[in-house]
Amino acid sequence: MQNQMKTLAKIKPEVGLWLDPRPVPDIGPDDVLIRIRKTGICGTDIHIWNWDDWAARTVPLGLVTGHEFAGEIAELGRNVTGLAIGQRCSGEGHLISNQSRQSRAGKFHLDPATRGIGVNEQGAFAQYLCLPAFNVVPLPDEIDDEIGAILDPLGNAVHTALSFDLVGEDVLITGAGPIGIMAAAVARHVGARHVVITDVNQDRLDLAALVADVVPVNVAHQDLREVVARLKMKQGFDVGMEMSGNQAALDQMIENLVMGGRIAMLGIPPGKSPVDWSRIVFKAITLKGVYGREIFETWYKMIAMLENGLDIRRVITHRFPIDQFRDGFEVMRAGSSGKVVLDWD
Ligand code: NAD
Ligand code: ZN
């Protein structure tokens with residue numbers, strides 16, 4: 001194996017990321033070394049590229065970025081069992097401790113000591129990634145590397161979509177970013193009746209309609225209540241998934257939900273925002289915050305659904321070799337793309 005590898009790292013406190021050669025990481029007894037084949041660019045990586053306030057507060061300079069990946073196992077730590085060199089895999093990028101009450105109860109995704117690869121710890125935008133064997137998720141042959149590279153955001157979508165029973169329900173998704181679009185596909189796959197997805201960006205809504213059998217609504221020009229009437233829904237939506245981080249979208253969701261409706265909220269508002277709590281109380285709405293993926297139940301369900309016909313491939317709109325990473329980030333920053341995948345081979 002070579003000793004040096006390419007990485008994409010945050011080496012200066014300014015806009016951008018830089019190709020930075022690093023030594024291939026040494027692994028510990030409980031880790032594996034993964035040879036990265038494909039990676040996905042996430043909204044989080046755009047924050048880090050832009051070096052906004054959140055990124056400057058959170059990300060250590062020098063960090064190798066990236067957390068969405070697929071590859072194959074190149075080396076096993078001496079305690080690792082049940083995995084093999086050459087095995088194709090993706091993996092959970094949230095590193096957890098085994099100390100907290102939540103972890104010891106098996107609720108790993110609720111561990112308060114969670115650290116993220118590519119945010120707090122060395123990431124996956126590299127030819128090799130050192131990852132605890134616990135975090136590795138083997139890939140079946142039916143899931144190729146580019147789908148493997150977007151299982152992290154698909155997992156966000158699946159975790160949100162499976163938060164509430166959707167069978168026969170009418171579902172509103174606010175925000176047709178890659179995650180909202182994949183959540184729409186999942187909602188249809190598991191048997192929702194109507195799935196309406198809103199955005200103010202027409203390119204995104206067109207992509208949503210291409211990926212999933214959904215009703216796209218551009219709330220910049222269209223009245224959501226008219227759409228509700230057209231679909232012959234009597235009271236409103238049973239379940240909402242907030243995937244925009246936008247205050248107006250959340251307000252609109254609360255207005256258009258049935259009495260006793262349920263909201264799963266993945267979108268991250270930029271700061272504090274005013275909420276009309278009395279509407280939530282009088283409508284008896286349940287609101288659930290969703291973070292990351294359930295470790296590893298979301299992974300299990302997601303892979304099972306991909307094996308039984310869930311098709312989200314068209315959400316990948318752009319593919320670039322790693323040496324053209326700047327083009328990939330520019331496409332993402334322009335705000336109309338779906339997922340952008342970088343090829344490390
Ligand atoms: P994205 O930014 O690509 O998409 C958000 C979409 O919302 C955009 O297309 C935007 O045009 C749209 N939007 C803006 N205003 C709107 C409005 N008033 N009504 C409807 N849509 C509106 O984001 P993404 O990568 O798909 O991620 C979705 C959200 O989830 C983001 O807020 C992201 O920060 C968050 N996120 C959360 C977690 C978590 O663990 N909780 C993980 C990943 C992403
Ligand atoms: Zn991500």
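Residues numbered from 1 in each chain as written. Chains lettered and ligands numbered in written order. Predicted model: local features only at pLDDT ≥ 70, side-chain atom pairs only at ≥ 80, totals over all residues. Heavy atoms only, no water.

Examining helix 7 (residues 202-211)
Residues lying three or four places apart along an α-helix face the same way, a consequence of the helix completing one turn every 3.6 residues.
Right, on to step 1. Where helix 7 is concerned, the buried positions are Arg204, Leu205, Leu207, Ala208 and Val211. The arc that holds every buried residue of helix 7, seen down its axis, measures 160°, which confines them to one face. (Buried < 20%, exposed > 50% of the residue type's maximum accessible area, 1.4 Å probe, protein only. Helix = DSSP H or I, 4+ residues; strand = E, 2+ residues; numbered from the N terminus. Arc of directions from axis to C-beta.)

Considering helix 6 (residues 178-189)
Right, on to step 1. Between its first and last C-alpha, helix 6 extends 17 Å over 12 residues, near the 16 Å set by a 1.5 Å rise per residue.
Right, on to step 2. Of all the residues in helix 6, the buried ones are Pro178, Gly180, Ile181, Met182, Ala183, Ala184, Ala185, Val186 and Ala187.
Right, on to step 3. Directly beyond the C-terminal end of helix 6, a positive phi value near 105° is found at Gly191. (Expected span 1.5 Å × (residues − 1).)

Details of the sheet that holds strand 15 (residues 237-242)
Right, on to step 1. The sheet built from six strands is open, its strands ordered 14-13-12-15-16-17 with parallel pairing. Each edge of the open sheet is held by one strand with a lone partner, namely strand 14 (215-218) and strand 17 (286-289). Averaged over all pairs of adjacent strands, the angle between their axes in this sheet comes to 20°, without regard to strand direction.
Right, on to step 2. Summarising the sheet, strand 12 (residues 171-174) and strand 13 (residues 195-199) pair through four bridges and their orientation is parallel. Bridge assignment links Leu172 to a residue of strand 13, and that residue is Val196.
Right, on to step 3. This element, helix 9 (residues 247-255), spans strand 12, strand 15 and strand 16 (257-265) of the sheet and lies at about 145° to strand 16. (Pairing = 2+ DSSP bridges. Axes fitted to C-alpha atoms, helices over the stretch in contact; angles between N-to-C directions. Contact = heavy atoms within 4.5 Å.)

Description of the layout of surface pockets
Right, on to step 1. A volume near 270 Å³ is recorded for the second largest pocket.
Right, on to step 2. Lining the second largest pocket are 16 residues, with Met5, Pro25, Gln122, Gly123 and Cys130 positioned closest to its centre.
Right, on to step 3. Listing elements by their share of the lining of the second largest pocket, those giving two or more residues are strand 4 (22-23) and strand 10 (128-132).
Right, on to step 4. Sort the elements by how many residues they give to the lining of the second largest pocket and strand 10 lands first, with four residues.
Right, on to step 5. Looking at side-chain class alone, the lining of the second largest pocket contains 10 nonpolar, two polar and four charged residues. (1 Å grid on protein atoms, 1.4 Å probe; cavity = no way out; pocket = protein on both sides within 12 Å on 5 of 7 lines; lining within 4 Å. Points joined across faces, edges and corners; volume = space filled by probe spheres on them. Nonpolar A, V, L, I, M, F, W, Y, C, P; charged D, E, K, R; others polar.)

Section: the domain arrangement of the protein chain
Right, on to step 1. According to the domain assignment, the protein chain consists of domain 1 (4-150 + 312-343) and domain 2 (157-289).
Right, on to step 2. With centres defined by C-alpha atoms, the gap from domain 1 to domain 2 works out at 29 Å.
Right, on to step 3. Taken together, the 11 residues of domain 1 in the interface contact 11 residues of domain 2.
Right, on to step 4. Interface area for domain 1 against domain 2, summed over the two sides, is near 940 Å², with a carbon-plus-sulfur share of 67%.
Right, on to step 5. Of all residues in domain 1, the largest losses of buried area upon contact with domain 2 belong to Ile312, Arg314 and Val315, amounting jointly to 46% of the total for that side.
Right, on to step 6. Across the domain 1-domain 2 interface, the total number found is zero salt bridges.
Right, on to step 7. Taken together, the connections running from domain 1 to domain 2 amount to four residue pairs in polar contact (both at pLDDT 80 or more).
Right, on to step 8. Broken down by class, the residue content of the side of domain 1 that touches domain 2 amounts to three nonpolar, six polar and two charged. (Domains from an automatic or database assignment. Buried area = accessible area lost by both parts, 1.4 Å probe. Salt bridge = Lys/Arg side-chain N within 4 Å of Asp/Glu carboxyl O. Polar contact = N/O pair within 3.5 Å; in protein donor to acceptor, adjacent residues only side chain to side chain.)

Notes on the site of ligand 1
Right, on to step 1. Surrounding ligand 1, one finds 22 residues, the nearest of these being Asp199, Arg204, Leu266, Val290 and Gly292.
Right, on to step 2. Here an oxygen atom of ligand 1 and a backbone polar atom of Pro178 are 3.3 Å apart.
Right, on to step 3. Taking Ile179, its main chain carries an N or O atom lying 3.1 Å from an oxygen atom of ligand 1.
Right, on to step 4. Its free accessible area being 860 Å², ligand 1 has 79% of it covered by the protein chains.
Right, on to step 5. Among the secondary structure elements, those contributing two or more residues to the shell around ligand 1 are helix 6 and strand 13.
Right, on to step 6. Residues that form the shell around ligand 1 fall into these classes: 10 nonpolar, 10 polar and two charged. (Near = heavy atom within 4 Å. Areas by Shrake-Rupley, 256 points an atom, 1.4 Å probe, with all protein chains shown as cover.)

Quick look at the pattern of salt bridges
Right, on to step 1. Applying the stated criterion to the full structure yields 20 salt bridges.
Right, on to step 2. Salt-bridge contacts for Arg88 lead to Asp145; the nearest nitrogen and oxygen are separated by 3.0 Å. Of this pair, Arg88 sits in strand 7 (residues 88-91) while Asp145 sits in helix 4 (residues 145-148), and the two are 57 residues apart along the sequence.
Right, on to step 3. Residue Arg88 is classed as partly exposed on the basis of its relative accessible area, which comes to 22%.
Right, on to step 4. Overall, the relative accessible area of 17% leaves Asp145 in the buried class.
Right, on to step 5. Among the ionic pairs, Glu146 bridges to Arg313, the shortest N-O distance being 2.9 Å. You can see Glu146 sitting in helix 4 and its partner Arg313 sitting in the loop between helix 11 (297-307) and strand 18 (316-321), a full 167 residues away along the chain.
Right, on to step 6. Assessed through its relative accessible area of 32%, Arg313 is described here as partly exposed.

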